[in-house]
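In case you want the letters, here they are:
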Protein chains: 2
Amino acid sequence: MPSPMEGKILLPASELPNRWYNPQPDLPTPLAPPLDPQTAQPVTPEQLGAIFPQGLIEQEMSQERWIPIPQPVMDVYRLWRPTPLVRARNLEKAIGARCKIFYKDESLSPAGSHKTNTSVPQAYFNMVEGVKRLSTETGAGQWGTALSFACSQFGLDCTVYMVKVSYEMKPYRQILIRNYGAQVHPSPSPMTRTGSAMLKKDPDCKGSLGLAISEAVEDAATHEDTKYTLGSVLNHVLVHQTIVGLETERQLASIGAKPDYLVGCVGGGSNFAGLVLPFLRRKLAGENIRFVASEPRACPSLTRGQYRYDYGDMARLTPMLKMHTLGHAFMPAPIHAGGLRYHGDAPILCNLMEEGLVDARAYFQTECFDAARLFLRTQGFLPAPETSHAIKAAIEVAKEAGPDENVVFLYSGHGMLDLASYDAYLKGELTNFELPQEDIDGALQHCPQV
Amino acid sequence: MPSPMEGKILLPASELPNRWYNPQPDLPTPLAPPLDPQTAQPVTPEQLGAIFPQGLIEQEMSQERWIPIPQPVMDVYRLWRPTPLVRARNLEKAIGARCKIFYKDESLSPAGSHKTNTSVPQAYFNMVEGVKRLSTETGAGQWGTALSFACSQFGLDCTVYMVKVSYEMKPYRQILIRNYGAQVHPSPSPMTRTGSAMLKKDPDCKGSLGLAISEAVEDAATHEDTKYTLGSVLNHVLVHQTIVGLETERQLASIGAKPDYLVGCVGGGSNFAGLVLPFLRRKLAGENIRFVASEPRACPSLTRGQYRYDYGDMARLTPMLKMHTLGHAFMPAPIHAGGLRYHGDAPILCNLMEEGLVDARAYFQTECFDAARLFLRTQGFLPAPETSHAIKAAIEVAKEAGPDENVVFLYSGHGMLDLASYDAYLKGELTNFELPQEDIDGALQHCPQV
C-alpha cells in the first residue's frame, strides 16, 4: 500500500477551515496606518466606505485573530477547496535534492489561480450590503477572471477594466471573463472621464495598470450601486488568502511533517502571505520555519526597494501605504510575469520583512522559465510565469536544505493562458532585465515626503 | 460538520486502483475481430507488431478480466490521480433537478483531459520494449498534448502530426506540445512521402485527420525505433480508461450511493467507455444502471450510423473494425467539438450498443454550449466543447430522473485552450448542422463489402 507521502495529500471536505487567520494582533510591531493621499492623515473607515463595503473595511482594520468564514463563502470555496498538497518527487529526483519538496496547488480553482480565495468573499460581503455591481482593473487578467467568477456566483454585475495591451495580447482572458457574464473594457475606455480624456489625447494609447485602476475607482465612485475591488496588497485580501496556509498546516500535520521552508512568489504579496501567515505564531514562538519570498529582478521591491510611505497607484488616487517600494512612478520592464510587476508590496508582508522574518530573493525571468520547464517535464503541469518564480526559489532552497527538511512552495496558478510567453521562451526571445540603481533612485524621488 | 455530499468526494492515494478492467470476457457476444484492410482476413498479432508493441497488442486481444497496472505507470498516474468526484449542487439547483448530479473530473490531468490515462501506459509499454520514439496524429490537439506529456515522463522522443488548420488556429496547443519536448509538424508536412506528395499537389492544403494518421503511420512504419499510437477506439485504449470508472465506483461506494445514470460524450468512445465499463457486470447482473452516450447531431455515428465493418481512417490504412459508422469517407461539419468528429466508434462500445445496453442521444452544438455556459456560471469551471455534450445529456437525463436517483457524468476536459470557440459562441456565430440522410447514405456507399 502506497504511503500518503507518495503523491497528493488530500484534506477531507469536512476539514476545510471555517475561519481565516488575521495576523494583525500577532505582529511584533503594529502596522503603520494607511494615510489619506491629500491630507497625509490616517484614513478613516468612513472614507473607505465610499469604495468598499463595511464588512471588508472591518476586516481591513480588525484586531481579531480569527475571522469566521460565512457559510455562503464556504459553499463556493467547496467548488474547488480543499486543494491538494503534492509531494514533487520527480522534481526532487531531477535536482538531486536531499530534502522533500511539496507544493500547495492553488491552480485548481475555477479561474486557475489563488485569486478566487479573495474574490469570492469580496463579492459576498458586497452582495450582503446591497451592492449590485463591482468594478476592478486587471493587468494580466488573473484577477479579472477571478472576480468575474465570484460575481457570477453571487449574482452581481461586474465591470473589468483590462489594460488594452493585455486585452489585445491575451484575447483568451477577456473571452473567459465575458463568458462568466462580466463586462470587460479595454482601458483606456470611453466609459469613464479618465479614459475618455486619455483617448482624446492619444487614441492609440495601450493603457497601463495605473490608468485602469483610475478608471475602475472612478466607475465605483460615480455609481451609487457600485463598489471597487482590489486583488492584492490590502490587509483583508491577505486575510482571505490565509485559507491556503491553514489547509497546508493541516495537511502537513496529517503526515506528521513540519515545514522548514515556505516559499512563494511576490507581486503584491497576497499569495505568499496566504501561505506563510498561518505559521507566523509558530515562527515567533521559536520554530525554525523560514519564509522565502521570490520576486523578479526586473521589479525587486522587497530586495531593493525602500521601506516608506508611497501611493498604491501611479495616479496617486489610493491611500498611502507604508511598504517596500520602488516608487509609484516606477515603470517595470515588460517581463512575462505580469502579476509580479508592482512597484510596492502588501504592508503586512513589509512589516514582517522589516522584522527580519522574511528572506527575499530575486531572479531573472529566463532562469524562472527554465525552472518552469523542469517542473513541466518532471511533474507534468504548466505553471503560470508568476508561479515559475516560486518554483525557481524552491529549487534553490531545496539545494541548501538538509535531508530531513521539508520545502513547501505555493503553486499559485497554471499557465494555460500564458502559452504565448512559453512560445517566446522556446524561441529564445526572452530578455533579462537588470535594473540600474539610478532607475530606482529616480523613481523614488517622486515618493511623498511623509 | 459538512457531509461528504457537499463538495468533492476524494479517494485516498492508497485506494488508487492497481489494475484495469478488461470487458472482453464479460461481453454478452464476443467482439468481431479486426480485419486486414487488404485481405479482409482477421488481423494477426504479428501484423500489428509493425506499428504497436507486444505489451499493448496483448491487451488489445486479452481475455483476462483484470490487467495489472505496472508500478511505473501507477507512479505517473499519482501526479494527478485519483481525481475527485464532485457533487454539482449548484447545477442541480439551477435546473430544478430532483436527483443528485455528480461529475468525475478528468480535466485535472497535466494535459487537461482523460487522454493521459492511456498515453501514459502506451508510452510505458513502448519504452520497456526498447522503442525510442512515438509518432501520432492530433486534430484538436488533446491527444498530442497527452502523448507528449507521457513521452516526457518516460524519456521517449515524440513526433506529432497536427492537422494544419488546427496548428494554425490553435497555436497554444502546439506550443504546449513543444514545451513537453515533442516535435510537432503541421500536416501535411515534408517529413513523410504522403505529406510531401500532398504538398506538391496543393501547397496550401490545410490537412485532415485522415491525412495526419497516414503521416504518423508512415513515420512509424519507416523507422525501426518508432511506433505508432492511437488515442481512442482500440480495445487497449478503452481498457486503460477504465481507471476512471473504477475510481468512480469506489467514490460512490464511499458515500453509500449507486449510479442510476452514467453519462459521457462520444467521439471515438474511450472516455465514455472508461466510465461505464467497470459497471458492466453489475448492469448485466440486473442492476438498473443506464449508460447514456452523447454525440453531436453533426456526427451522429451511434444514433444514425450503420453497424458494419469499416476502415478506421479515410486513407484505408488501418484494419477494418466492426462498428457504428457514418462511412470512413464521411466528412463531418466543422463543429467546435473537434474530438467528436469521428465517423466511427470503438468496437467494444458498438458491441454494447447492439446489445441494447447503451442509450445514445445526439445534440446540436449551440444547446451544448448553452449547457457549458450554465455549468460555468453555476459550478465555476470552463468545460471543453466535447465535454459540453456530456453536460447537456446529463442535464436532460437529470430532468427525467427520480428524486432518489444519481446521475454521474464524465467531465472529460477543460476548455482553457478552446476559448476561441467560446468567443464564437458569445458572438452568436455558431451554426447547427442537421445532417441530411442522403449525406450519410452517400458516405456509407464507400464502406467495404464484408
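Every value quoted in this text rests on a predicted model; they were computed, and no experiment measured them.

Q: Give a description of the overall build of chain A that names residues and reports values.
A: The secondary structure content of chain A amounts to 19 helices and 15 strands. Since a compact globule built from 450 residues should have a radius of gyration of about 22 Å, the 20 Å found for chain A is in line with a globular shape. Relative to all contacts within chain A whose residues are 6 or more apart in sequence, the contacts with residues 24 or more apart total 76%. By element, 51% of the accessible surface of chain A is carried by carbon and sulfur atoms, the whole surface being about 15100 Å². On chain A, the mean spot of the 41 positive side-chain charges and the mean spot of the 48 negative ones are 5 Å from each other.

Q: Tell me about the environment of Ser 113 of chain A, and name the residues and values.
A: Residues and elements named next belong to chain A. Locating Ser 113 in the fold gives a position in the loop between β5 (100–105) and α5 (116–128). By relative accessible area, which is 3% here, Ser 113 ends up buried. Beyond its immediate chain neighbours, meaning those up to four positions away, Ser 113 contacts Glu 106, Ser 107, Gln 142, Ser 412 and Gly 413.

Q: Which residues make up the nonpolar core, and what values do they have?
A: Ranked by size, the top nonpolar core spans 244 residues in total, and within it Phe 409 of chain A together with Phe 409 of chain B carry the most contacts. Sequence-distant contacts of Phe 409 of chain B, defined by excluding residues within four places in its chain, comprise Ile 101, Phe 102, Tyr 103, Lys 104, Val 263, Leu 275, Phe 375, Ala 390, Ile 391 and Ala 394 of chain B.

Q: Summarise the sheet that holds strand β9 (residues 226–228) of chain B; cite the residues concerned and give the values.
A: All names here are of chain B. In space, the four strands of this open sheet follow the order β8-β7-β6-β9, with parallel pairing throughout. Looking at strand neighbours, the two that pair on one side only are β8 (183–187) and β9, the edges of this open sheet. With strand direction ignored, the average angle separating the axes of adjacent strands in the sheet is 25°. Sheet topology note: the strand β6 (residues 133–138)/β9 ladder contains three bridges and is parallel. In the sheet register, Arg 133 faces β9, and the bridge partner there is Thr 226. Relative to β6, helix α6 (residues 142–154) is tilted by about 165°, and along the sheet it contacts β6 and β7 (157–163).

Q: Can you tell me about the confidence of the model for chain A, naming the residues and giving the values?
A: If pLDDT is low for a region, its predicted coordinates should not be looked at in detail. Residues and elements named next belong to chain A. Summarising the model, chain A shows a mean pLDDT of 94, and 99% of its residues fall at 70 or more. A low-confidence stretch, residues 1–5 (pLDDT under 50), is modelled with 11 contacts involving residues beyond four sequence positions or located in other chains. Interface scoring of the predicted complex returns ipTM 0.95; its pTM is 0.96.

Q: Break down the state of the cysteines for me, with residues and values.
A: What makes a disulfide is a covalent bond joining the sulfur atoms belonging to two cysteines. Per the counting criterion, the structure on display carries zero disulfides over all chains. A disulfide-free cysteine, Cys 151 of chain A has its sulfur positioned 4.0 Å from the sulfur of Cys 158 of chain A, the nearest such atom. A disulfide-free cysteine, Cys 99 of chain B has its sulfur positioned 18 Å from the sulfur of Cys 368 of chain B, the nearest such atom. According to the relative accessible area criterion, Cys 99 of chain B is buried, its value standing at 2%.

Q: Which residues make up the interface of chain B and chain A, and what values do they have?
A: Taken together, the 45 residues of chain B in the interface contact 45 residues of chain A. The tally of links between chain B and chain A comes to two salt bridges. For Asp 423 of chain A, the salt bridge goes to Arg 178 of chain B, with nearest N and O atoms at 2.9 Å. Linking chain B with chain A are 14 residue pairs in polar contact (both at pLDDT 80 or more), by the criterion used here.

Q: Give a description of the environment of Phe 330 of chain B that names residues and reports values.
A: Residue and element names in this part refer to chain B. With respect to the helices, strands and loops of the structure, Phe 330 is situated in the loop between β13 (320–325) and α15 (347–354). Exposure remark for Phe 330: the relative accessible area of 5% places this residue in the buried category. Residues Phe 330 and Leu 252, spaced 78 residues apart in sequence, show a C-alpha to C-alpha distance of 40 Å. In this view, Phe 330 contacts Ala 298, Cys 299, Met 314, His 343, Leu 435 and Ala 443; residues no more than four positions away in its chain are not counted.

Q: Explain the packing of helix α16 (residues 365–379) of chain B against helix α18 (residues 419–426) of chain B to me, using residue names and the numbers behind them.
A: Residues and elements named next belong to chain B. For the pair α16 and α18, interaxial distance at closest approach is 11 Å and the crossing angle is 105°. As the angle between them shows, α16 and α18 are arranged roughly perpendicular. Across the interface between the two elements, Thr 366, Phe 369, Asp 370, Ala 372 and Arg 373 of α16 pack against Ser 421, Tyr 422 and Tyr 425 of α18. Considered class by class, the residues forming the contact of α16 with α18 number four nonpolar, two polar and two charged.

Q: How would you sum up unusual backbone geometry? Please name residues and give values.
A: Residue Arg 81 of chain A is joined to Pro 82 of chain A through a cis peptide bond whose omega torsion reads -5°. At Ala 40 of chain B, a residue that is not glycine, the phi angle is positive and equals roughly 60°. Here Ala 40 of chain B lies in the loop between β2 (19–21) and α1 (45–48). Residue classification places Ala 40 of chain B among the partly exposed positions, given a relative accessible area of 27%. In this structure, Val 233 of chain B is a non-glycine residue whose phi angle is positive, near 70°. Relative to the assigned elements, Val 233 of chain B resides in the loop between β9 and α11 (235–254).

About the thresholds
Residues numbered from 1 in each chain as written. Chains lettered and ligands numbered in written order. Predicted model: local features only at pLDDT ≥ 70, side-chain atom pairs only at ≥ 80, totals over all residues. Heavy atoms only, no water. Helix = DSSP H or I, 4+ residues; strand = E, 2+ residues; numbered from the N terminus. Rg over C-alpha atoms; globule rule 2.2 N^0.38 Å. Contact = heavy atoms within 4.5 Å. Areas by Shrake-Rupley, 256 points an atom, 1.4 Å probe, with all protein chains shown as cover. Lys, Arg positive; Asp, Glu negative; His and termini not counted. Charge placed at Lys NZ, Arg CZ, Asp CG, Glu CD. Buried < 20%, exposed > 50% of the residue type's maximum accessible area, 1.4 Å probe, protein only. Core = buried A, V, L, I, M, F, W, Y, C linked by side-chain atoms within 4.5 Å. Pairing = 2+ DSSP bridges. Axes fitted to C-alpha atoms, helices over the stretch in contact; angles between N-to-C directions. pLDDT = per-residue confidence, 0-100. Disulfide = S-S within 2.5 Å. Salt bridge = Lys/Arg side-chain N within 4 Å of Asp/Glu carboxyl O. Polar contact = N/O pair within 3.5 Å; in protein donor to acceptor, adjacent residues only side chain to side chain. Parallel < 35°, antiparallel > 145°, perpendicular 65-115°, else oblique. Nonpolar A, V, L, I, M, F, W, Y, C, P; charged D, E, K, R; others polar.

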